[in-house]
Amino acid sequence: MPLKQYGSLLTKYLQPQQGRVIGLAIALLSSTGLQLLNPQILRYFIDTAFTGGSQSALVLAALMFIGVALLTQLLAIAATYLGENVAWTATNALRADLVEHCLELDLSFHKSRTPGELIERIDGDVNLLSRFFSQFTIQVLGSGLLLMGVLVVLFYEDWRAGLGLSVYAVVALGTLLRLRLLAISGWTVYRQIGAEFFGFLGEYLAGREDIRANGAVSYVMHHFHQLLQRWLPAYHRARLASTVLWTTSVGLFTTGTIVALAIGLYLWNQQAITIGTVYLIFYYTELLSDPIERIRVQLEDLQQAEAGINRIQELLQTQSQLSDGGMTSLPDLALSVSFRQVCFSYEMDYQTDAEPEWALENLSFYLPAGQVLGVLGRTGSGKTTLSKLLLRLYAAQQGEICLGGVAIDQTPLREIPQRVGLVTQDVQIFQTTIRNNLTFFNPRIPDSQLQKTLATVGLGSWLETLPAGLETLLGTDGIGLSAGQAQLLAFARVFLKNPGLVILDEASSRLDPQTEALIEQAIAQLFTNCTGIIIAHRLQTVQRADQILILEQGRVLEY
């Protein structure tokens, strides 16, 4: 068992819940102690009844047995409550860490994985760890203590009973531990296919309009059935390997019962023990099976959890290809932009010396602060790639990019989105209020500034028609937006940032001529205080530009 790996996870996510974990441990361990006590009460009851003891002694023993049983149940309820709280708190913290980690990875990581696959990693794999966080360590520890306690008591009653059942316990536990590894690889494959399945669902449900419009439903269903045909056999293999543990444990427990009855019969015939002690040995053997069974269940759960842990660790160990940058801050004014012999490829193969397929090749230009650059070119010429490099969504393999005279790889990565604004034709609207969509949950921006900005981009009259104003919900639970309104909302976001560089990537492609004329006035006002890059297909869109850059297959055609 990779104890160091498990220990680091447990320490990190259970440390903030020390009080609950201690309470859970007390409840489980106290319940373990009471399980050792009740058989002694039963032995006393049987021996007293067999020898004709007093009625009051029998009643007292019965009341004690009931009291201990009730207390055991109360402790079990407390352990369940605390365990669920510990599990949910720990797994939610792990989910948050995984989401934050994924959001900080560069776009090359997300390009190679579907959203559904990441959902399965962040939620599905983490769900497998709930029992691992809440009860695995304590249950295994408690079961181990109960196991040792039972054997100590049996040795105290008679060394022959203690020795025989100790051998049985060692053989049973050793066998189960050896069989634990059988299903790990099977569960890992099963979880991976599950991630592919959910990735498939997310991709095709998102593109349902195009699928139906182009008659591709049969293709999607064919792929769907192919995944299911791989998934079920993988589950059967993993489940079958886990079943080996269950069948083995049933056989071992049956053997333990036979051993206990044989020892009890032998000692009874030797008149070495009372009839109550015979029952005590049988009861303790059954009790001995309980911690072994619990350890088996925990180990079976661990097989699935281990597959989840491996996949989670793999995700957490995935590093962004982008460095965090240096400590040099960008100037507060309009930012100049310079590219010097920049080369970039999306499919860079560092294992071979083959020449890559460059998306941008030897790109060089200089845009002074406060001026506007128009970037033109056919589809696939590298226009949008240029904007992604400026935002450091990707890192160039060769050359240097500077903003305000500072190399962008020497600037803190988190500072660039604050100083560079981007508006594209694809606008993400979140299912929350207009205020939150504009400010990204920044409560310090006053309503007056938001209203002024919306009026600047032509959404002032629209805002006045909404009864809840800035608190109006957008998305499926609120009002819908047209493509043009969403585009204008994206412009408003950039106005609020007051950036040093604004990039417009086909930003007015979804606007009607009248709205486009209105937004042109807002853009003119925006560009008075910052540098601008306008990416477009048409010359008319870049009439305001001071410089024109025309790209063709990643190279400069005209400048």
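Look up a bit, the structure's there.
Since we're looking at a predicted model, the values are computed, not measured.

(A) Structural context of a nonpolar patch on the surface. A cluster of nonpolar residues, Phe 155, Trp 159, Leu 163, Val 167 and Val 171, forms a patch on the protein surface that exposes about 500 Å² of accessible area. Per element, the largest residue contribution to the nonpolar patch is 4 residues, and it comes from helix H7 (residues 159-179). You can see Leu 163 is positioned in helix H7.

(B) How the structure looks around the nonpolar core. Core analysis: the biggest nonpolar cluster contains 51 residues, and Phe 132 and Phe 133 have the highest contact counts within it. Taken together, the elements giving at least two residues each to this core come down to helix H1 (3-14), helix H3 (55-104), helix H5 (115-127), helix H6 (130-157), H7, helix H10 (217-269) and helix H11 (275-317). Apart from residues no more than four positions distant in its own chain, Phe 133 is found in contact with Leu 9, Leu 10, Tyr 13, Leu 14, Val 86, Ala 90, Thr 91 and Leu 94.

(C) Highlighting the sheet that holds strand S3 (residues 372-377). On the basis of which strands lie adjacent, the open sheet formed by 6 strands has the order S6-S7-S8-S3-S9-S10 and mixed pairing. Of all the strands in the sheet, the pair left with one neighbour each is strand S6 (420-424) and strand S10 (555-558). In this sheet, adjacent strand axes meet at a mean angle of 25 degrees when their direction is disregarded. Relative to strand S7 (residues 501-505), S6 runs parallel, the two sharing 5 bridges. Within S7, the residue paired with Leu 422 across the bridge is Ile 503. Of the strands in this sheet, S6 and S7 are in contact with helix H17 (residues 483-497), which crosses S6 at around 175 degrees.

(D) Quick look at the packing of aromatic side chains. This structure, assessed with the given rule, holds 10 aromatic pairs. The interplanar angle of 50 degrees and the centroid separation of 5.7 Å between the aromatic rings of Phe 197 and Phe 224 together place this pair among those described as tilted. Remark: Phe 224 occurs in helix H10 and Phe 197 occurs in helix H8 (residues 184-206); sequence separation between them is 27 residues. The interplanar angle of 65 degrees and the centroid separation of 6.4 Å between the aromatic rings of Phe 365 and Tyr 559 together place this pair among those described as edge-to-face. Here Phe 365 is found in strand S2 (residues 360-367), whereas its partner Tyr 559 is found in the segment after S10, with 194 residues between them in sequence. Each residue in the set Tyr 190, Phe 197, Phe 224, Trp 231 and Tyr 235 is aromatic and connected to the rest through ring pairs, giving one cluster.

(E) Looking closely at the packing of H3 against H5. Viewed as axis vectors pointing N to C, H3 and H5 meet at an angle of 160 degrees, and their least axial separation amounts to 10 Å. Between H3 and H5, the angle is such that the two are roughly antiparallel. H3 and H5 meet at a crossing whose hand is right-handed. Contacts between H3 and H5 involve Thr 91, Leu 94, Arg 95, Leu 98, Val 99 and Cys 102 from the first element and Leu 118, Arg 121, Ile 122, Asp 123, Val 126 and Asn 127 from the second.

(F) Up close: unusual backbone geometry. In this model, Asn 362 sits at a positive phi of 50 degrees, which is unusual for a non-glycine residue. Classification of Asn 362 as partly exposed rests on a relative accessible area of 41%. Look at Gln 553: it is not a glycine, yet its phi comes out positive at around 55 degrees. With respect to the helices and strands, Gln 553 occurs in the loop between strand S9 (547-552) and S10.

(G) Main features of the environment of Leu 504. Of note, Leu 504 is situated in strand S7. Residue Leu 504 is classed as buried on the basis of its relative accessible area of 4%. Along the primary structure Leu 504 and Gly 480 are separated by 24 residues, whereas in three dimensions their C-alpha atoms are 24 Å apart. Apart from the residues within four sequence positions on either side, Leu 504 is in contact with Val 423, Phe 491, Ile 523, Phe 527, Ile 533, Ile 534 and Ile 535.

Rules and cut-offs
- Residues numbered from 1 in each chain as written.
- Predicted model: local features only at pLDDT ≥ 70, side-chain atom pairs only at ≥ 80, totals over all residues.
- Heavy atoms only, no water.
- Patch = residues over 30% accessible without salt bridge, like charges linked within 9 Å, V, L, I, M, F, W, Y side chains within 5 Å.
- Areas by Shrake-Rupley, 256 points an atom, 1.4 Å probe, with all protein chains shown as cover.
- Salt bridge = Lys/Arg side-chain N within 4 Å of Asp/Glu carboxyl O.
- Helix = DSSP H or I, 4+ residues; strand = E, 2+ residues; numbered from the N terminus.
- Core = buried A, V, L, I, M, F, W, Y, C linked by side-chain atoms within 4.5 Å.
- Buried < 20%, exposed > 50% of the residue type's maximum accessible area, 1.4 Å probe, protein only.
- Contact = heavy atoms within 4.5 Å.
- Pairing = 2+ DSSP bridges.
- Axes fitted to C-alpha atoms, helices over the stretch in contact; angles between N-to-C directions.
- Phe/Tyr/Trp six-rings, centres within 6.5 Å; stacked < 30°, edge-to-face > 60°.
- Parallel < 35°, antiparallel > 145°, perpendicular 65-115°, else oblique.
- Left-handed = near helix turned anticlockwise from the far one by under 90°.

All we've got here are geometric facts, nothing functional implied.
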